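A structural walkthrough
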Amino acid sequence: MPQSWYTIPWKRMLHNVRQIQMKIVKAEQHGGLDEVQRLQQQILDSQEARLLAVKQVTSNSGKRTPGIDGHLWDTAEQKLEAAQKLKPEHYQPRPARRVPIPKSSGRFRPLGILTMKDRAMQALYLLALDPVAETHADPHSYGFRKYRSAADAIARCREIFESDDPPGWVLEADIESCFDSIDHEWLLSHIPLDSGVLQGWLTAGYMEHGQLYPVERGLPQGGIISPVLMNMALDGLEAQLEAQAAAQRRPSPVYLVRYADDFVVISRSKRLLQRHIIPCVEKFLAERGMCLSAQKTRLSHIKRGIEFLGFQLRSGKDELHIAPTSRNVANLLLKIDEVLKVNAESDPDRLALILSRILRGWSEYFKHIDTLAECRRIDRYVSKALWKWAVTQQTGLLKRRKARQHFTAGSDGIRTFLNSKGDPVFATRDVPVSPHTPIDPACNAYDIAWQSYLKQRQAARHRDPA
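Worth saying up front: this structure is predicted, and the values here are computed from it rather than measured.

As a further point, take the overall build of the protein chain. Across its full length, the protein chain holds 17 helices and 13 strands. The C-alpha atoms of the protein chain give a radius of gyration of 25 Å, which matches the 23 Å a tight globule of 466 residues would have. The principal-axis extent of the C-alpha atoms belonging to the protein chain is close to 80 × 65 × 50 Å. Here the protein chain holds 466 residues, and 48% of them are scored as buried. In the protein chain, of all internal contacts separated by at least 6 residues, the share reaching a separation of at least 24 is 68%. A total accessible area of about 24600 Å² is found for the protein chain, and carbon and sulfur atoms account for 49% of it.

For the rest of this paragraph, the subject is the environment of Asp 69. Structurally, the position occupied by Asp 69 is in the loop between helix 3 (47–57) and helix 4 (76–85). Through-space distance from the C-alpha of Asp 69 to that of Thr 115 is 6.6 Å; in sequence the pair is 46 residues apart. Filtering out sequence-adjacent residues up to four positions away, Asp 69 remains in contact with Arg 94 and Thr 115. A distance of 3.1 Å separates the side chain of Asp 69 from the backbone nitrogen of His 71, its partner in a polar contact.

This paragraph deals with the sheet that holds strand 5 (residues 211–213). The pairing of strands in a sheet happens through backbone hydrogen bonds and is either parallel or antiparallel. Read across the open sheet, the 4 strands follow the order 2-1-4-5; overall the sheet is mixed. At either margin of the open sheet sits one strand with a lone partner, and together these are strand 2 (108–113) and strand 5. Mean inter-strand twist for the sheet, computed between neighbouring axes without regard to direction, equals 45 degrees.

The end-to-end C-alpha separation of helix 6 (residues 150–161) is 17 Å, in line with the 16 Å expected for 12 residues at 1.5 Å each. By the criterion of burial, helix 6 is predominantly enclosed, with 10 of the 12 residues buried. Taken residue by residue, helix 6 has Ala 150, Ala 151, Asp 152, Ala 153, Ile 154, Ala 155, Arg 156, Cys 157, Ile 160 and Phe 161 as its buried positions.

A word on helix 10 (residues 226–234). For helix 10, the tally of buried residues reaches 9 of 9 residues, placing the bulk of the element in the interior. Among the residues of helix 10, Ser 226, Pro 227, Val 228, Leu 229, Met 230, Asn 231, Met 232, Ala 233 and Leu 234 are the ones counted as buried.

One finds Ile 191, Trp 201, Leu 241, Phe 263, Val 265 and Ile 277 to be the most contacted residues of the largest nonpolar core, which totals 80 residues. Sorting elements by how many residues they give to this core places helix 5 (residues 116–135) first, with 12 residues. Apart from the residues lying within four places of it in its own chain, the contact partners of Ile 191 are Leu 129, Trp 186, Leu 198, Leu 229 and Met 232. Counting residues in hydrophobic clusters, the runner-up holds 51 residues, among them Ala 352, Val 382, Cys 443 and Trp 450.

This part is about the pattern of salt bridges. If you walk through the whole model with that rule in mind, you get 15 salt bridges. For Arg 258, the salt bridge is made with Asp 235, and the minimal N-O distance between the two is 2.8 Å. Here Arg 258, found in strand 6 (residues 254–259), pairs with Asp 235, found in the loop between helix 10 and helix 11 (237–246); they are 23 residues apart in sequence, far enough to count as distant. The exposure class assigned to Arg 258 is buried, which follows from its relative accessible area of 1%. For Arg 327, the salt bridge goes to Glu 307, with nearest N and O atoms at 2.9 Å. With Arg 327 in helix 13 (residues 326–342) and Glu 307 in strand 9 (residues 306–308), the pair connects residues that are 20 residues apart, well separated along the chain. With relative accessibility at 53%, the residue Arg 327 sits in the exposed group. Linked through salt bridges whose partners overlap, the residues forming this network are Arg 376, Asp 379, Asp 412 and Arg 429.

Moving on to the packing of aromatic side chains. This model, assessed by the stated rule, comprises 12 aromatic pairs. Taking 5.5 Å as the distance between ring centres and 90 degrees as the angle between the ring planes, the aromatic pair formed by Tyr 125 and Trp 201 counts as edge-to-face. Of this pair, Tyr 125 sits in helix 5 while Trp 201 sits in helix 9 (residues 195–203), and the two are 76 residues apart along the sequence. The two residues Tyr 125 and Trp 201 agree in class, both being buried. A ring pair is formed by Tyr 365 and Phe 366, whose centres lie 4.9 Å apart and whose planes are at 85 degrees; its orientation type is edge-to-face. On the basis of relative accessible area, Phe 366 is assigned to the buried category, the value being 1%. Here the aromatic cluster, defined as three or more aromatic residues joined through ring pairs, consists of Phe 311, Trp 362, Tyr 365 and Phe 366. Directly above the ring of Phe 284 sits Arg 288, whose terminal nitrogen or CZ lies 3.6 Å from the centroid.

In spatial order, the strands read 6-7-3-8; together these 4 strands make up an open sheet with antiparallel pairing. Sheet topology places strand 6 and strand 8 (298–301) at the edges, where each strand pairs with a single neighbour. Sheet twist, expressed as the average angle between the axes of neighbouring strands with direction ignored, equals 20 degrees. By the bridge criterion, 4 bridges tie strand 3 (residues 169–174) to strand 8 in an arrangement that is antiparallel. Counted as the bridge partner of Glu 172 is Arg 298 from strand 8.

How each quantity is defined
Residues numbered from 1 in each chain as written. Predicted model: local features only at pLDDT ≥ 70, side-chain atom pairs only at ≥ 80, totals over all residues. Heavy atoms only, no water. Helix = DSSP H or I, 4+ residues; strand = E, 2+ residues; numbered from the N terminus. Rg over C-alpha atoms; globule rule 2.2 N^0.38 Å. Buried < 20%, exposed > 50% of the residue type's maximum accessible area, 1.4 Å probe, protein only. Contact = heavy atoms within 4.5 Å. Areas by Shrake-Rupley, 256 points an atom, 1.4 Å probe, with all protein chains shown as cover. Polar contact = N/O pair within 3.5 Å; in protein donor to acceptor, adjacent residues only side chain to side chain. Pairing = 2+ DSSP bridges. Axes fitted to C-alpha atoms, helices over the stretch in contact; angles between N-to-C directions. Expected span 1.5 Å × (residues − 1). Core = buried A, V, L, I, M, F, W, Y, C linked by side-chain atoms within 4.5 Å. Salt bridge = Lys/Arg side-chain N within 4 Å of Asp/Glu carboxyl O. Phe/Tyr/Trp six-rings, centres within 6.5 Å; stacked < 30°, edge-to-face > 60°. Lys NZ or Arg CZ within 6 Å of the ring centre and 35° of its normal.

As structure tokens, then:
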């Protein structure tokens, strides 16, 4: 074990672990089950992997949020000690600390906060499991996979709808409480992971108001490994739907585009989707303990528009139109109102920083499409809201004149709020459109054959950071 946390050669350690992960992929591709298990155990026993797991959970946004034991790993000494003790032998997961997280609908979803040790142990096992998951993943699955994003999913939809003879009918599918519904027995039978450890995570339950609640199905929301387990439960759906479509008397291709548990199925035939694809999806999900939401699942035509991952896609007379959904923009404006309300007494610099982070994040997500109309609306709303906020901060007869000192004339006739250094609040309309180059659907992040391709993509992103 290293003497100091600050002198650890992280790049070299990651490289060494990645070499083992690439060997796992090769063994998995050739059916070498014993070799896969040996290599996975090599990762679990690796000092480098344990250090990387601890680094992950002490570097992310949840590093300051303790589990039920109240423990955090703040100091370098605590991190080194944690990595030294991070061993699968005699490991027993503890219940999660459940907290409510507000949703855009106004409701709340439960989030389980694991202990630091449970988080690190999941991160360690994920290093061994993810190469196997990636090897068997659906080609057009884009959520919670390395080097893939929502932009890839939307680019795939664009490719389908802008083809020479584009299909028009879309099954907009929504799985009812996906994370809470997955069957434990299915996972224990199909996930290549130590069954005792996996069962411990699945059945550890959660603590709420001092009381322990056991669980009999579903994945712990908030677990590092949960998204990958959910992906593995849904992998295979794409091939099954394609086989179902090909088996019809009049075969017609279907296209699945999935981001985690959100997916659409696209076809030229409404009848095929109604009579064969929906029952096929329902059967596939039922085997895993899940079902489609009757309220949110619907058949739509692209001419009337569909909503997917916060985007609205609609086929116009001459082209496909892609824009943020009105609900997405409305939620952003509500979030801005909430920030202004919570920070009513904050100083201008703090407020400008918080708003800029929110607006920059929204712009990054949608920067691959033309959002100028929405951006002007958002920036104008922010400007007016900040003007009202600035006026309320002043007193006396000249408070409007004092408030005006925080603003400067911006483009499109929209006043821009300035912090004390004269730096403006981030303007979404100033972000240029940066067309996205979709990833090759066959790419495996851990396959040595794809490493050159991934390096080229990374280099291209650095050359064009916008």
